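# Per-entry structural report
These are the residues of each chain, in order.
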Amino acid sequence: MTVTMLLVTVVAILVGSTLQRLSGTGVGLVVAPVLALLMGPALGVFVTNATTVVSGFLIMLAVLREVDWKRYLVFLPMAVLGGIPAGLMVRELSAAWLNIVIGTVVLVALALTFGLPKLPQVTSPFLTALTGAVGGFLNTSAGVAAPAMVIYSKISGWDQRSFAATMQPTFMTMGLISVVVKLAVGATTFAQLPPWWLFPIIVATVFLGIRAGGWLSTRTSTETARKVAITLAGLGGLVAVVRGLTML
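I will try to describe carefully the structure that is included in this document. (Residues numbered from 1 in each chain as written. Predicted model: local features only at pLDDT ≥ 70, side-chain atom pairs only at ≥ 80, totals over all residues. Heavy atoms only, no water.)

Residue position: T170 is located in helix α8 (residues 160-185). T170 gets classed as buried once you look at its relative accessible area, which sits at 2%. (Helix = DSSP H or I, 4+ residues; strand = E, 2+ residues; numbered from the N terminus. Buried < 20%, exposed > 50% of the residue type's maximum accessible area, 1.4 Å probe, protein only.)

Structure, rendered in structure tokens:
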């Protein structure tokens, strides 16, 4: 890993974890397309998954009282069911098509998450389970589970504070599931992993991002943070699609 790659990786993770602390989502949308371009789509999403494990755990410690554990326990097994076929897909697709998939998922997810009109409210255990499966599939394949969860929160009328809190253990668990599934099915091997010293750097960077997000939360609106996340994620997704197309 070159110094330039390391610096870009650190900046992407810092920005993503800061936005995660501000609005409850951000790591996957910002980090996945950037790392896919830097490290290749399979490894880039793998490192993104590892990052969401760290960010989800650290932020969860501050919001434990507001977590909806009942919904989380529905998401958990369904994320496993969604993650397994996604891991197999990552193993079989070429780098070009994985770039296209990741970029397209990010762009479509942004359009659906922030472009949908007001949706009718529906409360259903089946909808909760389906969301967990879709989130697990998207997280393992593209490192981006947030859009499925955001759409679910709108449809179910989920309180924003409880939603943002519950997403932290949810993203942590989905990231862990994605890492385990990819190693188990051979989509990523231990030989392909980046050097070991990158992971302590990720932990330290996430910690700094969370601290920065906490500081900014009293000075910056959630709307501003969301606009920054949309812009960065959109640019990253577009570049990933273009790169994939040129590799075909």
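Moving on, there is more to tell.
In a pair of packed helices, the angle between the axes and the distance between the axes together describe the arrangement. Orientation of helix α4 (residues 69-92) relative to α8, taken along the N-to-C sense of each, is 30°, at an axis distance of 8 Å. Judged on the interaxial angle alone, α8 and α4 are roughly parallel. Crossing geometry of α4 relative to α8 is assigned as right-handed. Listed contacts from α8 to W69, Y72, F75, L76, A79, V80, G83, I84, G87, L88 and R91 of α4 are T166, M167, P169, T170, T173, M174, I177, V181 and V185. Taken together, the residues of the contact of α4 with α8 break down into 14 nonpolar, five polar and one charged. (Axes fitted to C-alpha atoms, helices over the stretch in contact; angles between N-to-C directions. Parallel < 35°, antiparallel > 145°, perpendicular 65-115°, else oblique. Left-handed = near helix turned anticlockwise from the far one by under 90°. Contact = heavy atoms within 4.5 Å. Nonpolar A, V, L, I, M, F, W, Y, C, P; charged D, E, K, R; others polar.)

The subject of this paragraph is the pattern of salt bridges. The tally for this structure, following the rule as stated, stands at three salt bridges. A salt bridge links E66 to R161; its shortest N-O distance comes to 2.6 Å. Remark: R161 occurs in helix α8 and E66 occurs in the loop between α3 (41-60) and α4; sequence separation between them is 95 residues. By relative accessible area, E66 is classed as partly exposed at 31%. Looking at R161, the relative accessible area reads 56%, which means it is exposed. Between R71 and D68 there is a salt bridge whose closest N-O contact spans 3.0 Å. (Salt bridge = Lys/Arg side-chain N within 4 Å of Asp/Glu carboxyl O.)

F75, M149, W158, F163, M167 and F171 are the most contacted members of the largest nonpolar core, which totals 21 residues. Put simply, the parts of the chain that give this core at least two residues each are α4, α7 (146-156) and α8. What W158 contacts, discounting residues up to four positions off in sequence, is D68, R71, F75, Y152, S153, F163, T166 and M167. Counting residues in each nonpolar core, the second largest holds 14 residues, with I13, L43, I59 and I210 among its members. (Core = buried A, V, L, I, M, F, W, Y, C linked by side-chain atoms within 4.5 Å.)

Right, let's get into the packing of helix α1 (residues 3-23) against helix α9 (residues 198-216). Running from amino to carboxyl end, α1 crosses α9 at an angle of 40°, the nearest separation of the two axes being 7 Å. One way to sum up the angle between α1 and α9 is to call them oblique. Regarding α1 and α9, the two cross each other, and that crossing is right-handed. Between α1 and α9, the contacting residues are L6, V10, I13, L14, S17, T18, R21 and L22 on the first element and L198, I201, I202, T205, V206, L208, G209, I210, A212, G213, G214 and L216 on the second.

What follows covers the side chain of S141. Summarising the element assignment, S141 is placed in helix α6 (residues 125-142). A relative accessible area of 3% means that S141 is categorised as buried. Here F137 takes part through its backbone oxygen, which lies 2.8 Å from a polar atom of the side chain of S141. Of note is the side chain of S141, whose polar atom sits 3.4 Å from the backbone oxygen of L138. When near neighbours in sequence (up to four residues on either side) are disregarded, S141 contacts V45, A86, M89, V90 and I102. (Polar contact = N/O pair within 3.5 Å; in protein donor to acceptor, adjacent residues only side chain to side chain.)

On to α1, then. Helix length check: α1 (21 residues) gives 30 Å between terminal C-alpha atoms against 30 Å at 1.5 Å per residue, within 8%. All buried positions along α1 are accounted for by L6, T9, A12, I13, G16, S17, T18, L19, Q20, L22 and S23. (Expected span 1.5 Å × (residues − 1).)

Along the chain, V144 turns up in the loop between α6 and α7. Between the C-alpha atom of V144 and that of M89, which follows or precedes it by 55 residues, the distance is 15 Å. Look past the residues within four positions of V144 in its chain and what remains in contact with it is G28, L29, A32, V105, V106, L138 and N139.

Of note, S217 is situated in the loop between α9 and α10 (222-247). Judged by its relative accessible area of 35%, S217 falls in the partly exposed class. It is 24 Å that separates the C-alpha atoms of S217 and A32, two residues lying 185 residues apart in sequence.

What follows is about the packing of aromatic side chains. Applying the stated criterion to the full structure yields five aromatic pairs. Look at F75 and Y152: their rings are 5.8 Å apart centre to centre, the planes differ by 85°, and that puts the pair in the edge-to-face class. Separated by 77 residues along the polypeptide, F75 in helix α4 and Y152 in helix α7 bring together distant segments of the chain. With a relative accessible area of 1%, F75 lands in the buried category. A ring pair is formed by W158 and F163, whose centres lie 5.5 Å apart and whose planes are at 70°; its orientation type is edge-to-face. A residue is classified by how much of its surface remains accessible, and W158, at 9% relative accessible area, is buried. On the basis of relative accessible area, F163 is assigned to the buried category, the value being 3%. Ring-pair connections join several aromatic residues into one group, and the members of that group are F75, Y152, W158 and F163. Sitting over the face of the ring of W158, R71 holds its NZ or CZ atom 4.2 Å from the ring centroid. (Phe/Tyr/Trp six-rings, centres within 6.5 Å; stacked < 30°, edge-to-face > 60°. Lys NZ or Arg CZ within 6 Å of the ring centre and 35° of its normal.)

Spatial relationships are all this shows, so hold off on functional conclusions.
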